[in-house]
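So you can see what is in the structure, the chains are spelled out below.
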Amino acid sequence: MTSTPDTPMCGAARDVLPCILDADHAGQFHEDVNGYRWPTAAAMAQAAEDLRPHPHATVTLRPNPADPAEVTVEAESDDMNPAHVAYGLRMAADRFNGHAIAQGHQPIPYGAAAEEQRAGSPSAALLDAGREAVPGTLRGMLRAAETEAATLRARVAELEATAQQPTTPRILTTGEYENAYAAARGELGRYRAQLGSAIVADTVTSTLAAVGLIAPPPAPEPDTCPAQFADREGAWHQCEDEPGHDPAAGHNNGEWSWPDGVWFARPDEDDA
């Protein structure tokens with residue numbers, strides 16, 4: 001719906017002409033008096049969100065060529081809680097056991113059930129006797145291997161737990177940012193000339209920041225402290241104190257203040 005004199009206009013501008021739609025217009029595009037349309041900031045942010053990978057896990061089972069009765073397992077998770085993955089696998093196992101029974105197949109014991117079955121079988125005594133016959137040196141090697149395997153499992157669990165923790169946004173390299181900017185211009189097609197390079201750059205910067213990617217910092221202004229920080233919209237701010245001032249006092253640009261050594265923050269607004 002276009003605005004009338006009694007209806008506030010949206011006013012979002014591209015190069016020169018503003019959007020003539022209502023201030024609270026719906027849809028994913030602005031439109032000027034000439035009929036040219038360009039995407040809203042919300043549409044750009046949603047597009048970036050749609051491209052973000054969602055947490056998931058993948059498990060691949062294949063018959064073991066050396067023993068058709070066995071299977072090989074390949075499993076990996078991407079940003080998913082390992083406990084949730086294990087819970088889902090147990091649910092899948094119960095479902096496949098139900099399919100096996102319906103097709104006349106006997107489920108294969110696993111874990112504690114397999115141990116109980118093995119302990120009650122005649123072969124269990126033979127296996128136990130074989131273990132007793134293994135020389136002490138080999139048993140020591142087996143124990144060392146088991147200890148090392150336990151250590152590795154603990155390390156993997158630690159790394160997976162660390163991966164679940166929130167991380168500081170990453171600063172893109174100049175090349176990475178230029179590639180993202182070029183891709184955005186390519187997607188905009190003929191609209192990029194109507195928007196202008198400044199609006200495209202600002203939109204790319206804020207959209208990347210929304211998904212944890214910060215544009216490279218600009219070269220610091222001379223004759224002032226070079227310390228900079230990036231806010232959550234991806235914009236960089238430089239300290240306006242004298243070069244060489246005491247870093248323990250933090251940094252200040254007249255609007256924001258932040259501690260030394262911090263490059264990403266939403267600092268406290270300067271009361272002064």
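See the structure shown above.
None of the values given here were measured: they were computed from a predicted structure.

**Student:** Tell me about the environment of alanine 209, residues and numbers included.
**Tutor:** Take alanine 209: it is sitting in helix H8 (residues 197–210). When the C-alpha atoms of alanine 209 and alanine 45 are compared, they prove to be 9.7 Å apart, with 164 residues separating the residues in sequence. Excluding residues within four positions of it along the chain, alanine 209 makes contact with Ile214, Arg232, Glu233 and Gly234.

**Student:** Any details on the packing of helix H6 (residues 174–188) against H8? Residues and values, ideally.
**Tutor:** Contact geometry of H6 with H8 gives a least axis separation of 10 Å together with a crossing angle of 120°. When the axes of H6 and H8 are compared, the crossing they make is right-handed. Of the residues in H8, those touching H6 at Tyr177, Ala180, Tyr181, Ala184, Arg185 and Leu188 are Ser197, Val200, Ala201, Val204, Thr205 and Leu208. Among the residues forming the contact of H6 with H8, the class breakdown is nine nonpolar, two polar and one charged.

**Student:** Lay out the packing of aromatic side chains with the relevant residues and their values.
**Tutor:** For the structure shown, the criterion picks out one aromatic pair. Between phenylalanine 229 and tryptophan 258, the aromatic rings sit 4.6 Å apart at their centres with planes inclined by 50°, giving tilted as the arrangement. Of this pair, phenylalanine 229 sits in strand S7 (residues 228–230) while tryptophan 258 sits in strand S10 (residues 256–258), and the two are 29 residues apart along the sequence. For the pair phenylalanine 229 and tryptophan 258, one class covers both residues: buried.

**Student:** So what's going on with the side chain of histidine 237? Residues and values would help.
**Tutor:** Summarising the element assignment, histidine 237 is placed in strand S8 (residues 236–238). Within polar-contact distance, the side chain of histidine 237 engages the side chain of aspartate 231 at 2.9 Å. Beyond its immediate chain neighbours, meaning those up to four positions away, histidine 237 contacts Ala227, Gln228, Phe229, Asp231, Asn253, Trp256 and Trp258.

**Student:** I'd like a rundown of the pattern of salt bridges, residues and numbers included.
**Tutor:** The tally for this structure, following the rule as stated, stands at two salt bridges. Across the pair glutamate 74 and arginine 62 runs a salt bridge whose closest N-O atoms are separated by 2.9 Å. Taken together, the residues glutamate 74 in strand S4 (residues 67–78) and arginine 62 in strand S3 (residues 56–64) connect sequence positions 12 residues apart. Arginine 62 sits in the partly exposed class, given a relative accessible area of 41%. Taking the shortest distance from any N to any O, the salt bridge between glutamate 176 and arginine 170 comes out at 3.0 Å. What makes glutamate 176 partly exposed here is its relative accessible area of 31%.

Reading the values: the criteria
Residues numbered from 1 in each chain as written. Predicted model: local features only at pLDDT ≥ 70, side-chain atom pairs only at ≥ 80, totals over all residues. Heavy atoms only, no water. Helix = DSSP H or I, 4+ residues; strand = E, 2+ residues; numbered from the N terminus. Contact = heavy atoms within 4.5 Å. Axes fitted to C-alpha atoms, helices over the stretch in contact; angles between N-to-C directions. Left-handed = near helix turned anticlockwise from the far one by under 90°. Nonpolar A, V, L, I, M, F, W, Y, C, P; charged D, E, K, R; others polar. Phe/Tyr/Trp six-rings, centres within 6.5 Å; stacked < 30°, edge-to-face > 60°. Buried < 20%, exposed > 50% of the residue type's maximum accessible area, 1.4 Å probe, protein only. Polar contact = N/O pair within 3.5 Å; in protein donor to acceptor, adjacent residues only side chain to side chain. Salt bridge = Lys/Arg side-chain N within 4 Å of Asp/Glu carboxyl O.

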